[in-house]
Amino acid sequence: MKILILNGPNLNMLGKREPEIYGKNTLSNLQDLIENYCKDLKYDVEFYQSNHEGDLIDKIQSSAVDGIVFNAGAYTHTSVALRDAISSVKTPVIEVHISNVHSREEFRHKSLISPVCLGVICGFGFNSYLLAINGLHLFLSKDVK
Ligand code: DQA
């Protein structure tokens with residue numbers, strides 16, 4: 001199995017950006033954590049981060065993977081185009097957030113992509129990604145529906 005970890009705008013700033021919300025660890029630390037987790041599951045993993053909506057859309061459309069874990073950052077709350085990109089592929093996509101978006105500003109409570117994702121995980125820090133990978137693994141191995 002191969003999965004894509006897709007990160008949207010400003011997630012390249014992890015470690016520097018609002019550490020009281022997103023923690024002190026960097027995107028590279030996050031990737032190491034995920035790589036180790038995927039090794040245990042025997043999953044191949046690809047990482048991609050972009051600050052540009054169109055690049056994220058191109059990546060969703062062109063990825064030959066079994067599942068996508070997607071932190072769309074602020075585009076979560078604004079992007080019809082990303083929602084349409086997710087709808088346009090058969091690949092299961094899990095939406096993740098590091099922070100608990102529901103305990104933050106009201107504009108973060110609405111996600112345009114949640115309705116077209118397989119599931120949503122938020123609020124567990126970097127572990128949100130591991131929980132999403134685990135959910136994807138259970139889904140892909142058809143153990144749980
Ligand atoms: C985020 C939450 C979004 O509201 C915010 O715009 C981000 C990060 C998170 O991971 O908690 O960029 O997706």
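Overview of the structure.

Each value, and the rule that gives it
Position labels on residues start from 1 in each chain and follow its written sequence. In view of the model being predicted, local features appear only for residues whose pLDDT reaches at least 70, and side-chain atom pairs are presented and counted only at 80 or more, with totals across whole chains, interfaces and linings using the full set of residues. Each side-chain value is derived from all of the structure's non-hydrogen atoms; neither hydrogens nor water enter the calculation. Numbering of helices and strands starts at the N terminus; helices are DSSP runs of H or I of at least 4 residues and strands are runs of E of at least 2. When accessible area is computed with a 1.4 Å probe and restricted to protein chains, residues below 20% of their type maximum are described as buried, those above 50% as exposed, and intermediate ones as partly exposed. Any pair of residues with heavy atoms lying within 4.5 Å of one another is described as a contacting pair. Here the term cavity refers to a set of points on a 1 Å grid, laid over the protein atoms alone, in which a 1.4 Å probe fits but cannot get out; the term pocket refers to an open set having protein on both sides within 12 Å along at least five of seven lines, with lining residues being those that place an atom within 4 Å of a point. Grid points are joined across faces, edges and corners, and a volume is the space filled by probe spheres set on the points. A helix is expected to span 1.5 Å multiplied by its residue count minus one. We call a residue near a molecule or strand as soon as one heavy atom of that residue lies within 4 Å of the molecule or strand. Two N or O atoms count as a polar contact when they lie within 3.5 Å, although within protein this holds only if one can serve as hydrogen donor and the other as acceptor, and sequence-adjacent residues are included solely when both atoms are side-chain atoms. To be clear on the numbers: accessible area is Shrake-Rupley with a 1.4 Å probe, and residue cover counts the displayed protein chains and nothing else. Put plainly, a molecule is in a cavity or pocket when over half of its atoms are within 2 Å of the grid points there. Note on residue categories: nonpolar means Ala, Val, Leu, Ile, Met, Phe, Trp, Tyr, Cys or Pro, charged means Asp, Glu, Lys or Arg, and polar means any other residue, Gly included. What makes two strands pair is DSSP finding at least two bridges between them. Axis angles are defined between N-to-C directions and span 0 to 180 degrees, where every axis is a line fitted to C-alpha atoms and, for a helix, only to the segment in contact.

**Concerning the environment of cysteine 38**
Structurally, the position occupied by cysteine 38 is in helix α2 (residues 27–41). The exposure class assigned to cysteine 38 is buried, which follows from its relative accessible area of 1%. In this structure cysteine 38 touches Ile3, Tyr43, Val45 and Ile133, once residues within four positions along its chain are discounted.

**Some words on the layout of surface pockets**
Taken as a whole, the largest pocket encloses approximately 160 Å³ of empty space. As for the largest pocket, its lining consists of 15 residues, and the residues nearest its centre are Arg17, Tyr22, Gly73, Ala74 and Arg108.

**Regarding α2**
Taking 1.5 Å per residue as the helical rise, α2 with its 15 residues ought to reach 21 Å, and the 21 Å between its terminal C-alpha atoms agrees with that figure. Taken together, the buried residues of α2 touch β1 (2–7), β2 (44–49) and α5 (127–140). One or two steps after α2, the chain reaches lysine 42, where phi turns positive at roughly 60 degrees.

**Observations regarding the site of the ligand**
In the vicinity of the ligand, the contacting residues are Arg17, Tyr22, Asn71, Gly73, Ala74, His77, His97, Ile98, Ser99, Val101 and Arg108. Arginine 17 has a polar side-chain atom sitting 2.9 Å from an oxygen atom of the ligand. In this structure, histidine 77 approaches the ligand through a side-chain N or O atom, which is 2.7 Å from an oxygen atom. Against a free-state accessible area of 320 Å², the protein chains account for coverage of 99% of the ligand. With respect to the pocket detection grid, the ligand is positioned in the largest pocket. Of the residues that constitute the shell around the ligand, the class distribution is four nonpolar, five polar and two charged.

**Description of the sheet that holds strand β3 (residues 67–71)**
Backbone hydrogen bonds hold the strands of a sheet together, and the pairing may be parallel or antiparallel. Reading across from one edge, β2-β1-β3-β4-β5 is the order of the five strands in this open sheet, with parallel pairing throughout. Each having just a single partner strand, β2 and β5 (119–122) make up the two edges of the open sheet. For this sheet the average axis-to-axis angle between neighbouring strands, irrespective of direction, equals 20 degrees. Inspection of the sheet shows strand β4 (residues 93–97) paired to β5 by four bridges, in the parallel sense. Paired with valine 96 across the two strands is isoleucine 121, which belongs to β5. Each of β1 and β2 is contacted by α2, which is oriented at about 160 degrees to β2, the strand it contacts most.

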